[in-house]
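So the chains spell out like this:
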Amino acid sequence: MTTHDHQRIELPAPCTGPMLCAFGITLGFAGIVTSWPVAVVGVIFALAGGVHWWRQVLPDPVEITPDITVHPTPIEPRPERVAKLTTHRAHRARVPLEIHPYSAGITGGLIGGLVMAAVALTGSWLEHGSIWFAINVMAGTAMPSIGDMSTEGLLAYDASAMMTAGTMQLVLCLFIGLLYGVIMPLLPRWPVVWGTLIIPAVWCGLMLAAMSVVNPALETHIDWTWFIGAQVAFGLVCSVWVVRAEKIDTMQHWSYLERLGMEAPGVQPEEDDE
Amino acid sequence: MRQIAAREGSVALFATLAATCVAPALTAALVCDPSLPLHSGTPSMFDPRSAPAEMILDITWLVIAICAVIFVVMEGLIIWAIIRYRAKHARDTAGDTGEPPQVYGSNPIELAWTVIPLLIVFVLFLVSARGIFEIDKQEPPPGALEVRVVGHRWWWEFDYGDLGFSTAAELHIPLTKDGQPQSVFLTLESADVIHSFWVPQLGGKKDVVPGRTNYLWLQPRETGRFVGQCAEYCGAQHAGMLINVVVHEEDDFNAWVANQQKPAHDDPATADGRDLFLSTACINCHTVRGTVANGTFAPDLTHLMSRSVLGSGVIANTPEHLRAWVWDPQDAKPGCDMPAMKLTREDTDRICAWLETLH
Amino acid sequence: MSSSPVRPDLSPPLSRLHEWVVTVDHKRLGVMYIVTGLVFFLIGGFEAAMMRWQLAWPGLDIVMPEDFNRLFTMHGTTMVFLVGMPILLGSANYLVPLMIGTRDMAFPRLNAFGFWLFFFGGALLYFSYFGAQGLYGMGSAPDVGWFAYAPLTERTFSRGHSTDYWILGLMVSGFGSIATGINLVTTILCMRCTGMRLMKMPLFVWIMLVDAILIVVAMPPLAAAQVMLLFDRSLGAHFFDVQAGGSAVLWQNLFWFFGHPEVYILILPAFAFVSEIIPVFSRKVLFGYPLMVAATVTIGFISMGVWVHHMFAIGLSPAVNTLFMASTMLIGVPTGIKMFNWVATMFGGRIRLHTPMLFSIGFLAQFLFGGLTGVMLAVVPFDWQVSDSYFVVGHFHYVLFGGLIFSIFAAIYYWFPKVSGRMLSEALGKWQFWLLLIGFNLTFGPMHVSGMLGMPRRIYTYQLDRGWEIWNLLSSIGVLFQALAIAFFIWNVIRSLQRGTPAGDDPWDAWTLEWSTTSPPPAWNFDTDPEVRSRRPLWDAKHPDDPDWKYE
Amino acid sequence: MSALPAHDMPPLARTGNLPRGKLGVLLLILSEVFFFGTLIAVYVFYIGHHTGGPTPKDVFDAPLSGPTWQPLAVSFNSVFLLVSSLWIVLAHRALCRGATTAFGFWWLATFACGSVFLAGTANEWHGLIMDDGLWMGTNLFGSCYYTLVGFHALHVTAGLTIMAIVFVLTLAGKMHQRHAGKIELLSWYWHFVDAVWIVVFTIVYVIGWWGAA
């Protein structure tokens, strides 16, 4: 790096104005709680500082040219190697290199959510003779009134419960579906088993433990068979949907120039298929 | 390069973990264990004696559990990362090991740890929202006992409007009414600055804001004395603005009400003390029903001796304390609005002798 | 013409002082900010120690109730406005121009103006200890709490001038913060060196950009609220006068509309520090840079919409409480993302546990705890129990002390070599770290317990039968450890300035532009204008065979 | 970094830096927006909350406060401020062309219109204080009114002060084409003051007067 042909360096000149001005302003305010002469002195200081400052920048800023006396040590290239991820030739990557498209997770979640709702509503119909029962108790998570309802009340259609439960189902299935789409490639073998059995099992276990707080209405009325059945149905549909989606390349192991679509001799990474 | 003591790393890790876990762990151990050496007077939210306090505790356990799991997992990951990925050769910077693989990130993983917190937040939100609407009642429940609570600097006035009397420092409420659990609905108002009414074992706090009326719902589950105190900074004696709530059996409460409804006890034996009291500036601030004293800036003294505390709870109501208080309240409660009345010792004794008859 | 305005007519010490007073150099101003902030840190710490002494056991008489109230007011005000703000502004001042490869801030004189406003504002606030006419004569600091809730601040309840000093001191230093905030945003958006697109900026610069924007939009509402309070007090206006139709809740809304972004203004720089330090000491590029940027911007936006969570107990309608509970919980998500990304940066790295990294790990461990208690406090029913209790005190000290102050020490140990040209002692640094870690957790961990056991904040003493003694005693004992740790720090700085190991340009083998110039950097920062092609220009220079720009 | 072999490096990205003066002024205006936003929000919040007179209706309606219906008088006044925004644009354009005499003329016009507005505000305050007995401490309406309108007037005053200085410089022949950029920044500030006034006018004299009736 040559240091003699640097451009002319200009720095702003030191200036007392800002400090005087700030001091004056502070004194001016202090005048409010002390006495007016303090404020007068403050205003004088502030004006003096302000004028000094203005004259530094107007019409053109005053600048100084420093003597360049010290120079940084030039940075030397390092001989040591940079370790690579062993799985792939690209040492820098946003891992993994291939993913299921996120859309698969989202659609999987929505479809799974529909199937899950169908199972739950069927259960509700068979057990209680009304599909509204399942919807109402689900809404009990967020609605205090559900807990006080009689069984007859729970069998009837309730618009706000419908809204609440519908929103909950939509949001939860969307999020969980997206999560499925994202983590399926990371799971060790048999992702469908994980998605259908293990994850719902964990989820149901958590619900079992926390149900009295999360949804006391549901705890009172829950039919675990149908509850678990609905969760498994969701897991099955969603995970199968995600796994069936083709993986797409994230292009992260492509070099910058490749991603730019440039081809030139010497820019392609050498092929070393291990 | 500076030296790195090689063993330090793992020790450091464990110590970090231990140090950050010690407080929560101790808390959990001490608070949850009923045999712990807590005082009976501890206003612990983990020892609820009222319906809303129980509801709050349920939600609290849920959120504590969720946060504890996240905490343990994350601290574990941090420690694991330090142990597993520590540079192997302490003196070495990068010379012979080179640089590790440079991984920029991972969209799926990052998406996962965006979505999982969102899920947790969503569920927690639903549950807490239900709790809010359950606990925060804006209308008195049917059949509730209504008490108007007025925060003053630095004492509490309890106005039993329907029952026709007003008292201070101690809130008395019944456990049941006709054998059914009794809801208590407090209307909170302030006479000066913002205060906050907080008796942890009976419910959450609610601020007492001038120019505004707030409500607080309680439903005691057990009899007993429950303490709390003002929870919004309100000036010099914020610390001395204590609350005592006494939950009675139904019959005891009715007896207490019947006594409070009477005017002040009039005992000729202490009439000179009464006359002295009524001739001082005391009556500008204090009320004693049945006399000319009708000030409203300070606690109603009509049934002073039915209360177990003085100065809004800073001292117990004993004859000695009463004398000391009348002599100079600034000693027990420095900064409070009641001045030393500059009475002689004899006058103090005479006034106290009369005050002690106000059962 | 020389770069320093030497005044030969002055004696050497005066001449040096003159140099510093008239300087417009962003590095000198940065150092002045930080040194002033650290001095105020010692003062604020002393105030805290006095409070802990008073609270060590029930019924102590170390300080009078009024003095205790002044202590916590001044402690809170000092730590937020005179410690957190100047240190963050100072570090941004020092580092941002270096990191974006420019010679100075966009408006160097405005920069000096901002610093001096802050400085004199702080001095004015502390002058109240000597000059304010209080109820009991001269010398009375404000005693209304750092958030100065009306109507306690109204003339009826707060006589004398102490509250006016609070208003004026903070207003003046607030103007300084706004000036510096404007300056920072302009610098970052207008002065970047060749090749440094927005997404090539170090994350530090990104976070400081968001931080400065928050300062620009959050400080003016505070100034407006303070003006109203001042008019109430000095001109007899009625903004917060309940008798005349004014509202006590309005002040809270205005204050927290500033106050909550302020909390993020304070903690974002902590994120900025560790986002630079953790990658360097893990020898890995920061994990998930784009998501970190997105999370920072998201935090900036949401932070403007969560202020009501300070007011859950004031009796707002359940619907309003629910709404702000949602926004408050939501802001935990981007914060959590940052946490995950820092830990992921450490995974697969080669971690070197130098002092800066130790403090960063301390930050991670403790900020995690503070963040989680923050999520707990967002749950309104729980908040009804513990708001305004010692639980909250514990919570925000885990965020601001365990988080911010630890990261500030990490930053000091990391950049001190660049600023002074000398290394701080690792051995003393580790003593400081361990003592501070123990002391900090000992002081603030038990506060969560006493809070849940019903102890409200801001009480000068408490009853003997409450069962809070042990927790308060533990807290107070922790102060001793912390004081010792700070003594180690001061000794370390003094010792290292005199005979620390020379640092060289790049002692940590780091990657951002400030390490490519000399230590300390010359007034002109860089001999030639830097050119960057990636987020880690020095990595590219050190690894020309495998540079970052190939992959970003 | 010049040590790097240059042949295989990609071209340097354009940084797209913004002009700093303009950005600085925009940020200043942004912070002012939040300042005035707070004052305006408080004004709106307190409409109708005052206890005791005089009310907005009392002081703005004709019979009490003088010969004219106040909103009409203020509207007349406001026209001067709004028009001054136009003059300052013309002044800036003139300076861009290098026509310093034209610049001086339009600049004086801006200054004059701004001054008329300020005088109008002073007159209004005089009437309110002397005839209606309304001041800061009279009631909550007075507190809000004087704070909001006062801070606007303060900003007008600051703008006029700078304008006066610029005008003196113009007379001294020191304003040139190359200063057009700085004059543009000043004009932005002036437009902002103008825009704030439109909101203030709507809030105080339309909604506040009508809503508090």
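Please read these numbers as outputs of a predicted model, since none were measured by experiment.

Caption draft 1: A look at the overall build of chain A. Regarding its fold elements, chain A presents eleven helices and five strands. Looking at chain A residue by residue over its 274 residues, the buried ones come to 38%. Considering only residue pairs separated by 6 or more positions, chain A has 67% of its internal contacts joining residues 24 or more positions apart.

Caption draft 2: Up close: the sheet that holds strand β4 (residues 165-168) of chain B. All names here are of chain B. Across the sheet, which stays open at both edges, the five strands sit in the order β4-β3-β2-β8-β11 with mixed pairing between neighbours. Of all strands in the sheet, those with a lone pairing partner are β4 and β11 (214-218), marking the two edges. The mean inter-strand angle of the sheet, taken between neighbouring strand axes irrespective of direction, is 25 degrees. As paired elements, strand β3 (residues 155-160) and β4 share four bridges and run antiparallel to each other.

Caption draft 3: Expanded view of helix α2 (residues 36-57) of chain A. Across its 22 residues, α2 of chain A extends 31 Å between first and last C-alpha, which sits within 8% of the 32 Å expected from 1.5 Å per residue. Along α2 of chain A, the residues that are buried comprise A39, G42, A46, G49, G50, W53 and Q56 of chain A. One side of α2 of chain A holds all its buried residues, which, seen down the axis, span an arc of 115 degrees. Away from the buried face of α2 of chain A by more than 90 degrees, exposed residues I44, L47 and R55 of chain A are located. Where the residues of α2 of chain A are buried, they touch α1 (17-33) of chain A together with α4 (108-131) of chain C.

Caption draft 4: Representation of the interface of chain C and chain B in the model. With 115 residues of chain C in contact, the opposing surface of chain B contributes 108 residues. Taking both sides of the interface into account, the surface hidden between chain C and chain B amounts to around 9400 Å²; carbon and sulfur atoms contribute 71%. Three residues, R350, W384 and Q385 of chain C, lead the burial of chain C against chain B; their summed loss comes to 8% of the area buried on that side. The interface formed by chain C and chain B contains one salt bridge. Taking the shortest distance from any N to any O, the salt bridge between R283 of chain C and E99 of chain B comes out at 2.8 Å. One can count 24 residue pairs in polar contact (both at pLDDT 80 or more) joining chain C with chain B. At 16 residues, helix α9 (residues 318-346) of chain C tops the list of elements feeding residues into the side of chain C that touches chain B.

Caption draft 5: Representation of a nonpolar patch on the surface in the model. On the surface, a nonpolar cluster with roughly 590 Å² of combined accessible area is contributed by W190, V193, L197, I198, V202 and L206 of chain A. Note on placement: V202 of chain A falls in helix α8 (residues 191-214).

Caption draft 6: Region of the structure containing the domain arrangement of chain B. Residues and elements named next belong to chain B. In terms of domain boundaries, chain B breaks down into domain 1 (1-96 + 104-249) and domain 2 (268-355). Taken over both partners, the interface formed by domain 1 and domain 2 buries close to 1400 Å², and the fraction arising from carbon and sulfur atoms is 50%. Per-residue buried area on domain 1 facing domain 2 is highest for W154, W155 and Q237; these three make up 34% of the total on that side. Here domain 1 and domain 2 share zero salt bridges between them. Here domain 1 is connected to domain 2 by eight residue pairs in polar contact (both at pLDDT 80 or more). For the side of domain 1 that touches domain 2, the secondary structure elements donating two or more residues are β3, β4 and β13 (242-248). A total of four residues in the side of domain 1 that touches domain 2 trace back to one element, the largest contributor, which is β4.

Caption draft 7: View of the packing of aromatic side chains. All told, the structure shown has 98 aromatic pairs over all chains when counted by the stated rule. Seen in terms of ring centroids, F382 of chain C and F391 of chain C are 5.2 Å apart; in terms of plane orientation they differ by 85 degrees. Their pairing is edge-to-face. By relative accessible area, which is 0% here, F382 of chain C ends up buried. Aromatic side chains Y462 of chain C and W468 of chain C sit 6.0 Å apart centroid to centroid with 50 degrees between the ring planes, which places their arrangement in the tilted category. By relative accessible area, Y462 of chain C is classed as buried at 3%. W468 of chain C sits in the buried class, given a relative accessible area of 0%. Against the face of W327 of chain B rests R345 of chain B, its NZ or CZ located 3.7 Å from the ring centre. The ring of W511 of chain C carries R536 of chain C above its face, with NZ or CZ at 4.5 Å from the centroid.

Caption draft 8: Structural context of the environment of R109 of chain C. By secondary structure assignment, the location of R109 of chain C is in helix α4. Counting along the chain gives 84 residues from R109 of chain C to D25 of chain C, while the straight-line C-alpha distance between them is 8.7 Å. Not counting the four nearest positions on each side in its chain, R109 of chain C is found in contact with P12, A13, P18, W53, Q56, V57, P61 and V62 of chain A together with V24 of chain C. Separated by 3.2 Å, the side chain of R109 of chain C and the backbone oxygen of V62 of chain A make a polar contact.

Caption draft 9: Expanded view of the sheet that holds β13 of chain B. Residue and element names in this part refer to chain B. If you trace the three strands from one edge of the open sheet to the other, you get β5-β13-β12, paired in mixed fashion. Bordering the open sheet on either side are β5 (170-174) and β12 (224-229), each of which pairs with just one other strand. Here the average twist between neighbouring strands, direction ignored, is 20 degrees.

Caption draft 10: Molecular detail of the confidence of the model for chain B. Residues and elements named next belong to chain B. Confidence in the prediction for chain B averages 86 pLDDT; 86% of positions are at 70 or higher. Low confidence marks residues 32-39, where pLDDT is under 50. Its contacts with residues over four positions away, or in another chain, come to twelve contacts. Below pLDDT 50 for its whole length, residues 90-96 participates in ten contacts with residues either more than four positions away or in separate chains.

Caption draft 11: Highlighting α4 of chain C. All names here are of chain C. Its 24 residues place the ends of α4 33 Å apart at the C-alpha level, agreeing with the 34 Å of an ideal helix rising 1.5 Å per residue. Its maximal kink placed at L125, α4 deviates by approximately 25 degrees. With respect to burial, α4 is a largely interior element, 18 of its 24 residues being buried.

Caption draft 12: Summary view of the domain arrangement of chain A. As assigned here, chain A comprises domain 1 (11-64) and domain 2 (98-249). Once you take the C-alpha centre of each, domain 1 of chain A and domain 2 of chain A turn out to be 67 Å apart.

Caption draft 13: View of the arrangement of the chains. Here five pairs of chains are in contact, and chains B and C lead that list by number of contacts. Chain B makes no contact with chain D; the smallest distance between any of their C-alpha atoms is 12 Å.

Caption draft 14: Summary view of the interface of chain C and chain A. With 57 residues of chain C at the interface, the matching set in chain A holds 53 residues. Interface area for chain C against chain A, summed over the two sides, is near 4700 Å², with a carbon-plus-sulfur share of 69%. Where chain C touches chain A, the interface holds zero salt bridges. Between the two partners, chain C and chain A, sit two residue pairs in polar contact (both at pLDDT 80 or more). Sorting the residues of the side of chain C that touches chain A by element identifies α1 (12-22), α4, α5 (162-190) and α15 (537-542) of chain C as the ones contributing at least two each. Per-element tally for the side of chain C that touches chain A: the top contributor is α4 of chain C, with ten residues.

Caption draft 15: Summary view of the pairing of β13 of chain B. All names here are of chain B. Judged by how many residues are buried, β13 sits mostly within the fold: seven of seven residues are covered. Taking every second residue as pointing to the same face, both faces of β13 are buried, with L242, N244, V246 and H248 on one and I243, V245 and V247 on the other. By the bridge criterion, five bridges tie β5 to β13 in an arrangement that is parallel. By the bridge assignment, E170 is partnered in β13 with N244. The pairing of β12 with β13 spans six bridges and is antiparallel. Looking at the pairing, R225 lines up with V246 of β13.

Caption draft 16: Summary view of the packing of helix α5 (residues 100-130) of chain D against helix α6 (residues 140-171) of chain D. All names here are of chain D. Close contact between α5 and α6 brings their axes to 9 Å; oriented N to C, the two are set at 150 degrees. Taken together, the axis directions place α5 and α6 in an arrangement best described as roughly antiparallel. The two elements α5 and α6 cross, and the hand of that crossing is left-handed. In terms of residue class, the contact of α5 with α6 is built from 19 nonpolar, ten polar and one charged.

Reading the values: the criteria
- Residues numbered from 1 in each chain as written.
- Chains lettered and ligands numbered in written order.
- Predicted model: local features only at pLDDT ≥ 70, side-chain atom pairs only at ≥ 80, totals over all residues.
- Heavy atoms only, no water.
- Helix = DSSP H or I, 4+ residues; strand = E, 2+ residues; numbered from the N terminus.
- Buried < 20%, exposed > 50% of the residue type's maximum accessible area, 1.4 Å probe, protein only.
- Contact = heavy atoms within 4.5 Å.
- Pairing = 2+ DSSP bridges.
- Axes fitted to C-alpha atoms, helices over the stretch in contact; angles between N-to-C directions.
- Expected span 1.5 Å × (residues − 1).
- Arc of directions from axis to C-beta.
- Buried area = accessible area lost by both parts, 1.4 Å probe.
- Salt bridge = Lys/Arg side-chain N within 4 Å of Asp/Glu carboxyl O.
- Polar contact = N/O pair within 3.5 Å; in protein donor to acceptor, adjacent residues only side chain to side chain.
- Patch = residues over 30% accessible without salt bridge, like charges linked within 9 Å, V, L, I, M, F, W, Y side chains within 5 Å.
- Areas by Shrake-Rupley, 256 points an atom, 1.4 Å probe, with all protein chains shown as cover.
- Domains from an automatic or database assignment.
- Phe/Tyr/Trp six-rings, centres within 6.5 Å; stacked < 30°, edge-to-face > 60°.
- Lys NZ or Arg CZ within 6 Å of the ring centre and 35° of its normal.
- pLDDT = per-residue confidence, 0-100.
- Bend = angle between axes of the 7 residues up to and from the residue.
- Parallel < 35°, antiparallel > 145°, perpendicular 65-115°, else oblique.
- Left-handed = near helix turned anticlockwise from the far one by under 90°.
- Nonpolar A, V, L, I, M, F, W, Y, C, P; charged D, E, K, R; others polar.

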